[in-house]
Each structure stands twice: as C-alpha cells, then as structure tokens.
Amino acid sequence: MPDALPAVLADPPPLLLVGGKGGVGKTTCATAAALHLVEHRPGPVRLLSTDPAHSLRDRLPPAERPDALAVEEFDAATALDHFRSEHRETLHDIVARGTFFDDADIQELLDLSLPGLDETMGVLRLEQALTADPEGPVVVDTAPTGHTLRLLEMPERFEAWVAFLDVLLEKDRLLRERFGGGGESALDAFVNDLQARAERVLEGLRTQAAVLAVAQPEAVVLRETKRLLDRLDALGVPVGAVGLNRWPGRPLPPHCADALRAHHDWLAAEDAWTLPEAEALDTHEALAALWASARPLPAPDSLAEAPARARDAAPLVADAPPPPTADLLLFAGKGGVGKTTLACATALRLAQDAPDEQVLLLTTDPAASLGDVLGVSIDDAPTPIADGLDALRVEAPARLHRLQTAYTDEVRQFFQDTGGARVDLPHAQAVSEHLMDLVPPGVDEIVGLTMTMEQLADDRYDRLVLDTAPTGHFLRFLDMPDVFEAWLHTFFRLLRKYRRVLHVPALKDRLVRLSKQLTPLRTALTDPASAPRGAVYAVATPGPIVRSETNRLLHRCDEGGLFLPVLFLNKVSPRASVFGPGADAPEADAPEADAAVEAYRTAFPDRALPVVGRRAPPQGRASLRAWGRALYT
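Participant: Explain the overall build of the chain to me, using residue names and the numbers behind them.
Facilitator: Scanning the chain for helices and strands turns up 22 helices and 17 strands. Burial statistics for the chain: of 633 residues in total, 57% are counted as buried. Restricting to contacts in the chain with at least 6 residues of sequence separation, those with at least 24 account for 81%. Roughly 25300 Å² of accessible area belongs to the chain as shown, and the carbon and sulfur atoms make up 50% of that amount.

Participant: Account for the side chain of Gln216, naming residues and giving values.
Facilitator: Examined against the element boundaries, Gln216 turns out to sit in the loop between strand E5 (209-215) and helix H9 (219-235). A polar contact is formed between the side chain of Gln216 and the backbone oxygen of Val24, at a distance of 3.5 Å. Filtering out sequence-adjacent residues up to four positions away, Gln216 remains in contact with Gly23, Val24, Val221, Leu222, Leu244, Asn245 and Arg246.

Participant: With reference to specific residues and values, describe the pairing of strand E13 (residues 389-393).
Facilitator: Strand residues, when the strand is regular, have side chains that alternate between the two faces of the sheet. Here E13 lies mainly inside the structure; four of its five residues are buried. Strand direction decides the pairing type here: strand E12 (residues 383-386) and E13, joined by three bridges, are antiparallel. Along E13, the bridge assignment pairs Pro384 with Asp390. Remark: two residues form the turn of the hairpin made by E12 and E13, two consecutive strands paired antiparallel; Gly388 in that turn has positive phi of roughly 85°.

Participant: Could you give an account of the sheet that holds strand E9 (residues 317-318), with specific residues and numbers?
Facilitator: Strand order in this open sheet of nine strands is E9-E17-E16-E15-E10-E14-E11-E13-E12, and the pairing throughout is mixed. The two strands at the open ends of the sheet, each matched to only one other strand, are E9 and E12. Judged from the two bridges that link them, strand E16 (residues 566-572) and strand E17 (residues 611-613) form a sheet pairing that is parallel. From the neighbouring strand, Leu569 faces E17, where its bridge partner is Val611. Against the sheet, helix H12 (residues 339-353) engages strand E10 (328-332), strand E11 (359-363), E12, E13, strand E14 (463-467), strand E15 (534-540) and E16, with an angle of about 165° to E14.

Participant: So, the sheet that holds strand E4 (residues 138-141): which residues are in play, and what are the values?
Facilitator: The strand order across the open sheet formed by eight strands is E3-E2-E4-E1-E5-E6-E7-E8, and the pairing between neighbours is mixed. Of all strands in the sheet, those with a lone pairing partner are strand E3 (69-73) and strand E8 (295-296), marking the two edges. Pairing of strand E2 (residues 45-49) with E4, which is carried by four bridges, proceeds in the parallel orientation. Residue pairing across strands places Leu47 opposite Val139, the latter belonging to E4.

Participant: If you had to explain the confidence of the model for the chain to someone new, which residues and values would you point to?
Facilitator: Parts of the prediction with low pLDDT should not have their coordinates interpreted in detail. For the chain, the average pLDDT comes to 78, and 76% of its residues sit at 70 or higher. Mean pLDDT values over the elements of the chain span from 63, in helix H15 (residues 428-434), up to 94, in H12.

Participant: Explain the pairing of E2 to me, and be specific about the residues and the numbers.
Facilitator: For E2, the tally of buried residues reaches five of five residues, placing the bulk of the element in the interior. Neither face of E2 is exposed, since Val45, Leu47 and Ser49 on one face and Arg46 and Leu48 on the opposite face are all buried. Here E2 runs beside E3; their pairing, made up of five bridges, is parallel. Within E3, the residue paired with Ser49 across the bridge is Glu73.

Participant: Could you give an account of the packing of H12 against helix H22 (residues 621-631), naming the residues involved and the relevant values?
Facilitator: Relative to each other, H12 and H22 sit at 80°, their axes nearing to 8 Å. On the basis of their axis angle, the class for H12 and H22 is roughly perpendicular. Contact residues: Thr341, Leu342, Cys344, Ala345, Thr346, Leu348, Arg349 and Gln352 in H12; Arg621, Leu624, Arg625, Trp627, Gly628, Arg629 and Leu631 in H22. Among the residues making up the contact of H12 with H22, the classes are represented as seven nonpolar, four polar and four charged.

Participant: Requested: an account of the pattern of salt bridges, with residues and values cited.
Facilitator: Considering all chains together, one arrives at 16 salt bridges under this definition. Salt-bridge contacts for Lys226 lead to Asp230; the nearest nitrogen and oxygen are separated by 2.8 Å. Highlighted residues: Lys226 and Asp230, both in helix H9, separated by four residues, approximately one helical turn. Accessibility expressed as a relative area gives 41% for Asp230, which makes it partly exposed. Arg533 serves as the salt-bridge partner of Asp327, at 3.7 Å between the closest nitrogen and oxygen.

Participant: So what's going on with the environment of Val317? Which residues, and what values?
Facilitator: Mapped onto the elements, Val317 comes out in strand E9. The exposure class of Val317 is partly exposed, given its relative accessible area of 21%. Between the alpha carbons of Val317 and Val611 there is a distance of 5.5 Å; along the sequence they are 294 residues apart.

Participant: Tell me what's going on with the environment of Ala345, and back it up with residues and numbers.
Facilitator: If you trace the backbone, Ala345 turns up in helix H12. The exposure class of Ala345 is buried, given its relative accessible area of 0%. Along the sequence, Ala345 and Pro618 sit 273 residues apart, while their C-alpha atoms lie 9.3 Å from each other. Dropping the residues within four chain positions of it, Ala345 is found in contact with Leu624, Trp627, Gly628 and Leu631.

Participant: Any chance you could break down H9 for me, citing the residues and the numbers?
Facilitator: If you check H9, its first and last C-alpha atoms are 25 Å apart, about what 17 residues at 1.5 Å a residue would give, namely 24 Å. Burial in H9 covers these residues: Ala219, Val220, Val221, Leu222, Glu224, Thr225, Leu228, Leu229, Leu232 and Leu235.

Participant: Residue-level account of the packing of aromatic side chains, with values.
Facilitator: Working definition: an aromatic ring pair is given by the centre-to-centre distance plus the angle between the planes. One pass over the full model with this rule turns up four aromatic pairs. Ring centres of Phe568 and Tyr632 lie 5.9 Å apart, and the angle between their planes is 85°; this geometry places the pair in the edge-to-face category. Here Tyr632 lies in the segment after H22 and Phe568 lies in strand E16, a separation of 64 residues in the sequence. By relative accessible area, Phe568 is classed as buried at 0%. Ring geometry for Tyr600 versus Phe604: centroids 5.7 Å apart, planes at 40°, classification tilted. On the basis of relative accessibility, which here comes to 4%, the residue Phe604 falls in the buried class. The ring of Tyr600 carries Arg547 above its face, with NZ or CZ at 6.0 Å from the centroid.

Participant: Pulling in residues and values, what's your account of the nonpolar core?
Facilitator: Counting residues in each nonpolar core, the largest one holds 81 residues, and the members touching the most others are Leu15, Val139, Leu260, Leu267 and Trp291. Looking at this core, the element that brings in the most residues is helix H2 (residues 26-40), giving eight residues. Beyond its immediate sequence surroundings of up to four residues, Val139 is in contact with Leu16, Val18, Ala30, Ala34, Leu37, Val45, Arg46, Leu47 and Leu48. Formed by 72 residues, the second largest nonpolar core is a distinct cluster that contains Ala345, Leu464, Leu525 and Leu564.

Reading the values: rules and limits
- Residues numbered from 1 in each chain as written.
- Predicted model: local features only at pLDDT ≥ 70, side-chain atom pairs only at ≥ 80, totals over all residues.
- Heavy atoms only, no water.
- Helix = DSSP H or I, 4+ residues; strand = E, 2+ residues; numbered from the N terminus.
- Buried < 20%, exposed > 50% of the residue type's maximum accessible area, 1.4 Å probe, protein only.
- Contact = heavy atoms within 4.5 Å.
- Areas by Shrake-Rupley, 256 points an atom, 1.4 Å probe, with all protein chains shown as cover.
- Polar contact = N/O pair within 3.5 Å; in protein donor to acceptor, adjacent residues only side chain to side chain.
- Pairing = 2+ DSSP bridges.
- Axes fitted to C-alpha atoms, helices over the stretch in contact; angles between N-to-C directions.
- pLDDT = per-residue confidence, 0-100.
- Parallel < 35°, antiparallel > 145°, perpendicular 65-115°, else oblique.
- Nonpolar A, V, L, I, M, F, W, Y, C, P; charged D, E, K, R; others polar.
- Salt bridge = Lys/Arg side-chain N within 4 Å of Asp/Glu carboxyl O.
- Expected span 1.5 Å × (residues − 1).
- Phe/Tyr/Trp six-rings, centres within 6.5 Å; stacked < 30°, edge-to-face > 60°.
- Lys NZ or Arg CZ within 6 Å of the ring centre and 35° of its normal.
- Core = buried A, V, L, I, M, F, W, Y, C linked by side-chain atoms within 4.5 Å.

Rendered as structure tokens:
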C-alpha cells in the first residue's frame, strides 16, 4: 500500500461513490480506484456504472480486467422492464383494489414509464449492492453532478411513490378489517418490502457509503464541486476525499492558481489530493498506478504561477463555420467538453450580430454552470446578460412540482365544493390527488422546455440557445416528446372518462397548452425547413473515449431525424499543422493534435468540423465575446 493515500481508499466503505462535474475524469478515477483496491486488498471488488452514457468498456476492456474485479454497466431501462414484468400482476392488483379504474385503464397506466426511471432503478441497485453483492467494496461511477444528486435524493422520492401504493391499499385493509381476514396481505408485504428497501438505501448512504469527489483545478469546476459537497452534507452523505484530477504541475497556469487560492480553505478541510495529468492511461497498469501517485493538496503559498498570458485571448479556430441561423440551437456532448462555454459564446455572438433581435440562453442541466461561466447569478426567471440577451436556468423539477400542486389543490377544491359529485368512493379523493404523481421519468425536463418554447410562440424571444445536460440524459431527453405525448393522451382519456371524480378544468387547459407546444418543438428539431428552425451543434474533445460517445450521440440524432450540421472539436493542442502560423504548442504535442483532428475527420466526414485550440477557460462576458467572434466566420 502506498505511503500517501486518501483514507477513503486505504480503508474503503462498502459503497464508494465517485462523483463530480461532467468531464473531470470520474470514470478514469473510479476505474483506477477499483483496480487499486484489487491490487492492495484481498477479496472481490465490483465496479458499477450508473451513468446512462456508460464508458467503462471504453476505459477498461474485458481482456484487461483482473479476475477479482467485476464490472457492470447498469442499464436502468432493462432493469425497469424486468421490475415491471416481475411485479405487473401485483401492481395491477394494488391499483385495481384502491382506485376506480378498470382493467384497461390500469393496463395503460402500467405501460407508461414509472416515475424516476434512471434514478429509481438505480436506488434499487444500490440497495442490492449494500445487501446482496459479494463481500467487498462496490465502486460506483456515477452520472454528472445534477443527476447524481437526483439519484441520492431518489430514496425520499421513492418513499413518496411507495406511500401512494400504500394509499391505494387503504380501501382493501378497511374491507378486510370489517369483514375478516385482517393482518398483512401479500400486497401489504410487497409495499412494505419496497418501503424497507428505500429506508435501507437512505440508511446505507449515511452509514455505509462515502463520496470520492473528482474535480479539476479550474474555477467553474470547483464552484460546482462545492455545491455538490454542500448538498451531500445536507443529505447526510459522507464525503471521503476530493481528487483534483489532471493536476498541471508546477508552475501552475494563472487561472488554476487563482481558482485554487479562492477555494483552498474548503478543499483542505475535505482532504483534497492532486492527481497528475498523465499522458496515457490506456492500460490496466497505468490506471492501477494513478492513485499511488496522488499527493496532498499543496499549501496556498506554494502555488507558483507560470507567466500569465492575456486571459481574455480567444482560442485559435480552424475551419470556423458561419454563425448559426437556427431559431432553436441545442449544444450537446459529453460532460466536460465545453458545451456551456461554446453555448454562452454563441449566444453573445448572436445577440451582437442582430441587435434588433432578442436571444434567450437557457439550460436544462440540473447542475447547470451557466452562471459560473457568465459570472452572473442565474435562476428560473430571465436574467439580463447583455443587450439583446437574457439567460435562464430551467428549474424543471420545480416547474413540474408547481403543476402537480395546482392539480392537487384543484382536486381538493372540487371535492370540498361538490363532495366528489356525490360519488360514494371513500378513497376517491386520495387517489385523485395522487394521480399526477404517476408521471413518466424526464417529464419534468420536457415540461420545463415546452414552457420555455412558449417564449418563442409569444414572440418574446427570436432565438433560443440551449445548453443541454451531458450525452446520456440528453439522449433520454430526445425521447421525451413521445413519452410526454403518450402520458398526456392517457391522462386526458382518464379525465374524460372519470369527469365526475376528476374535474380539473384549469389543469386540463394548462396541459392542452403544453401539448400544443410539443408539435413546434418536435418539428423544430427534425425539420430544417420548419419555422421555428432547429439545429443541434455537437461538441467533443480529442481522445478515443469522447470520440466513441460522440459517435453514439451523432448516430442517435441521425436516427431521430435531428439536424446536426456542426461538430466542434474543442481543446485541441494549438499546433501550426492544424491552425497555421501563430500556433505555439510544444513540439511534442504535434502528433497528438494532428492525430486527433484526422481521427475526427475520418469518423465524421459529413459534418462541418471547426477545430478549437486549447486555451484557458474564458472568465466572464468580455472573454466570452472574444470566443464568440473567433468561433464563427
């Protein structure tokens, strides 16, 4: 065992969650941690990915895995299908005994996705990891920050869903008490088992787990990491250590030194370690040695800087495209490739080029760093950024919650005013109040975006620029219009069929408006000639893992008929062979830059491929404007 090592690896908990902002190297650090544990302790180790955009196979091919290491890329959709198939009859029986729905209604409800697809099934998998996996630690490679927090908060949301099942069984319990056959039924046992599993996860996260937070020495990353740690503290989930990955060594680039000085106090308190920026981590041996090279965070007075360059300087860009013409522009790609930076720079450029138009820059990423990049506090209301440009962070769960609360209030008012239209159903009100809880996973995101689409329909804004969540959740988002439409169809049918019990005209009108927004949203994304017109701009960085995920993204967009004309290759070593005279990267970087550009040109010959030189991240609107000028002709 190395002399210097974070305590969370020297004495690992049963469940080690590796989390952080997209693109910081979570998968690499999780894989390295699992390999390190295999080499330095007896017994089996499991490496589990809950990120919907899995890359464990890319990072650690099967031929390189030690026998003691079991690797699993958890598929939430498959797990949900299995759960629904295994328990369909039980769920059908619970709904049938506790509601006024007939068999056809119940079948339709169960065919819809159950709430919290990724996160709910992930919670049940964590419960299994804590109770049924082989003896030995489980290392979990999680999704980026926002969706990891959803996973960790899901036990409480899962408890609410189980509570709804419990409400449905109240009628059955009452009948059994009155007419005999009291005691726990098989249905009660099923609900109680789900409740116990949720409670075990909550307790396990607080007593048998720890988070190894991965970050990088950059201001935007460290601010998001601090928000993650604050939320973990509120949830009672222990933080074992912080790993500052891709440490650039000494002397530090000025932007890294500035960021570390600003965040040094809390980093030191969280047991922060540095991990070197290794040139190649493509072998089992190199990955296993990564944590052995970890070093404690240096003191603030030792953070020597390299000579400063002009911090607002724009990057070199080869083959820059013309400015976008789409009214709805989505930036998509793997976490950490620079989507937010390019989205912000593009929105500022569009606002500057067309002073008579209004541009809205928004994000649906639950862990949005939009405000960090712009240097402005952004919330769920349009915030002025510059002349002609507002920014907005779509608080999708809050918007859906407001919709659900309005529904519940309207149901309660209806029963108060009419007594349920004299319907003799003792549990009708409780069941009716909870019906809006049975929304498919991801509907909060589509509700947030369809509400935002109203801004275009109302002519408040001429252009929308959307900074999306990382690839896995963006791909789920693309399916949401169809899922949401199916759910609306079912919900409207139930409202018509049971209008004596489900009389909610105000909510129905709101859902009709949302439904009408689905058509322009779907049309904008799939028809380049539509009005409004939509386009997806993909962003990637050099390296086979990102290229593999980018290939999946582009294939899925093509499959869905999305217009994706441009792929930005970002953070490329600025070599003259790529960018022409004026590039000044070290000679040793030339093969890397040339090979990366050639690999992308070969893999994606039918896309415009602007190449963006590596540069310190822009800080604030002045430097972002410079980037916007450089990115487009």
